[in-house]
Amino acid sequence: MRLKLREESLYSLLFLTPAIILVGVFIYFAIVWNVYISFTDWKGLVPSYRFVGFENYRILFHDPVFWTSFKNNIILIILFVPGSLLMGLLLAILLDRKIKFENGFRTIYALPFALSFVVTATLWAWMYDPSDGVLNTLFSMLHLDFLKSNWITDPHVALYAVILALIWQFSGYTMVIYLAGIRSISNEQYEAAIIDGATPMQLYRYVIIPQLKKPTLSAFVVLMVFSLKAFDFIWVLTSGGPGTSTFILAVEMYKETFAKTKFAYGASIATVLLLLSFAIVLPYLYWSYGGEKE
């Protein structure tokens, strides 16, 4: 019996070894290499590994563009994460009411998240076009000209236009998470609440929503991490413009690294992003695997 278990463990190890090597090289080694590069003076296409200590970080924390990107990231988190959670919860409650054509509506609502970020960003770029975009054209047809805007070409509106598009993209994801959580609640709890005279509003407020903490936390972590690295969507939609109005840390990292070939400086921005991601993920992992056991 022990010999058989050892053979199975050996076979499992043989199958896992290539994946372990790939993950080790392309993820963990790459992270360590990036941190090391951030302490060098690498500029231009020719690598330079001369150690300069925290010089790149000193420059970074005195860079107004960095703080603009950081501020935009905070605004993105504050509006995008709660907005996506709330919209997903409302859609999940709507579908939970056993409406007609539920499967069709569920597919429609979940479709945006199934699409590529490049595709949806291009779609929203067409919709936001100030001259003949869908939104301004619709407002003109409805005689609501006061709602027309330059959208992503207006530095005061562009970031909020991006956030609106991202909420649309992710509301289907949070809807699926919440709907699964609602459907996992036992019928006995519903029946007991109804017997006690709970109205539908009270049923959701006191029975259903309090039991959605785990789905909320899981979706919260995913949305938070995405809000730090929402590069592809923003790059296709606005390229960080106009000016730096839609710059976030990931966009600044790309421009500094590949447009200006400041590889060490870009690596320092990437390291800051890594630390912010750890600050989000590690408490979640502790709560999931350690806090619950206690």
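In the block above lies the structure referred to throughout.
Let us look at the structure shown here.

What counts and what doesn't
- Residues numbered from 1 in each chain as written.
- Predicted model: local features only at pLDDT ≥ 70, side-chain atom pairs only at ≥ 80, totals over all residues.
- Heavy atoms only, no water.
- Helix = DSSP H or I, 4+ residues; strand = E, 2+ residues; numbered from the N terminus.
- Rg over C-alpha atoms; globule rule 2.2 N^0.38 Å.
- Buried < 20%, exposed > 50% of the residue type's maximum accessible area, 1.4 Å probe, protein only.
- Contact = heavy atoms within 4.5 Å.
- Areas by Shrake-Rupley, 256 points an atom, 1.4 Å probe, with all protein chains shown as cover.
- Lys, Arg positive; Asp, Glu negative; His and termini not counted.
- Charge placed at Lys NZ, Arg CZ, Asp CG, Glu CD.
- Axes fitted to C-alpha atoms, helices over the stretch in contact; angles between N-to-C directions.
- Parallel < 35°, antiparallel > 145°, perpendicular 65-115°, else oblique.
- Left-handed = near helix turned anticlockwise from the far one by under 90°.
- Nonpolar A, V, L, I, M, F, W, Y, C, P; charged D, E, K, R; others polar.
- Core = buried A, V, L, I, M, F, W, Y, C linked by side-chain atoms within 4.5 Å.

### As for the overall build of the protein chain
In step 1: Of the regular secondary structure elements, the protein chain holds 13 helices and zero strands.
In step 2: Along the chain direction, N to C, the helices and strands of the protein chain fall in the order α-α-α-α-α-α-α-α-α-α-α-α-α.
In step 3: The globule rule puts the C-alpha radius of gyration for 294 residues at 19 Å, and the 24 Å found for the protein chain is more than 25% above it.
In step 4: Put simply, the protein chain has 294 residues, and 38% of those count as buried.
In step 5: Taking the intrachain contacts of the protein chain between residues at least 6 apart in sequence as the baseline, contacts between residues at least 24 apart amount to 67%.
In step 6: Working note: accessible area of the protein chain is about 17500 Å², and carbon and sulfur atoms make up 71% of it.
In step 7: With 21 positive and 19 negative side-chain charges, the protein chain shows a spacing of 4 Å between the two charge centroids.

### Brief notes about the packing of helix α7 (residues 158-183) against helix α10 (residues 213-228)
In step 1: Packing of α7 against α10 brings their axes to within 9 Å, and their N-to-C directions diverge by 160°. The orientation of α7 relative to α10 falls into the category roughly antiparallel. Handedness of the crossing formed by α7 with α10: right-handed. Along the contact surface, α7 presents Leu166, Phe170, Tyr173, Thr174, Ile177, Tyr178 and Gly181, while α10 presents Pro215, Thr216, Ser218, Ala219, Val222, Leu223 and Phe226.
In step 2: Considered class by class, the residues forming the contact of α7 with α10 number 10 nonpolar, four polar and no charged.

### Some details on the environment of Val118
In step 1: The topology assignment puts Val118 in helix α5 (residues 117-127).
In step 2: For the pair Val118 and Ile234, spaced 116 residues apart in sequence, the C-alpha to C-alpha distance is 9.1 Å.

### A few points about the nonpolar core
In step 1: Counting residues in each nonpolar core, the largest one holds 63 residues, and the members touching the most others are Phe80, Tyr128, Leu166, Ile208 and Leu237.
In step 2: If you tally residues by element for this core, the top one is α7, at 13 residues.
In step 3: For Leu166, the contacting residues outside a window of four places in its chain are Leu76, Phe80, Ser84, Phe226 and Phe233.
In step 4: Among the nonpolar cores identified, the runner-up in size contains five residues, and Ile37, Trp42, Phe263 and Ala267 belong to it.

### Digging into the environment of Ser12
In step 1: Inspection of the secondary structure puts Ser12 in helix α1 (residues 2-37).
In step 2: With 28 residues separating them along the chain, Ser12 and Thr40 place their C-alpha atoms 41 Å apart.

Limitation: the analysis is restricted to geometry and does not speak to function.
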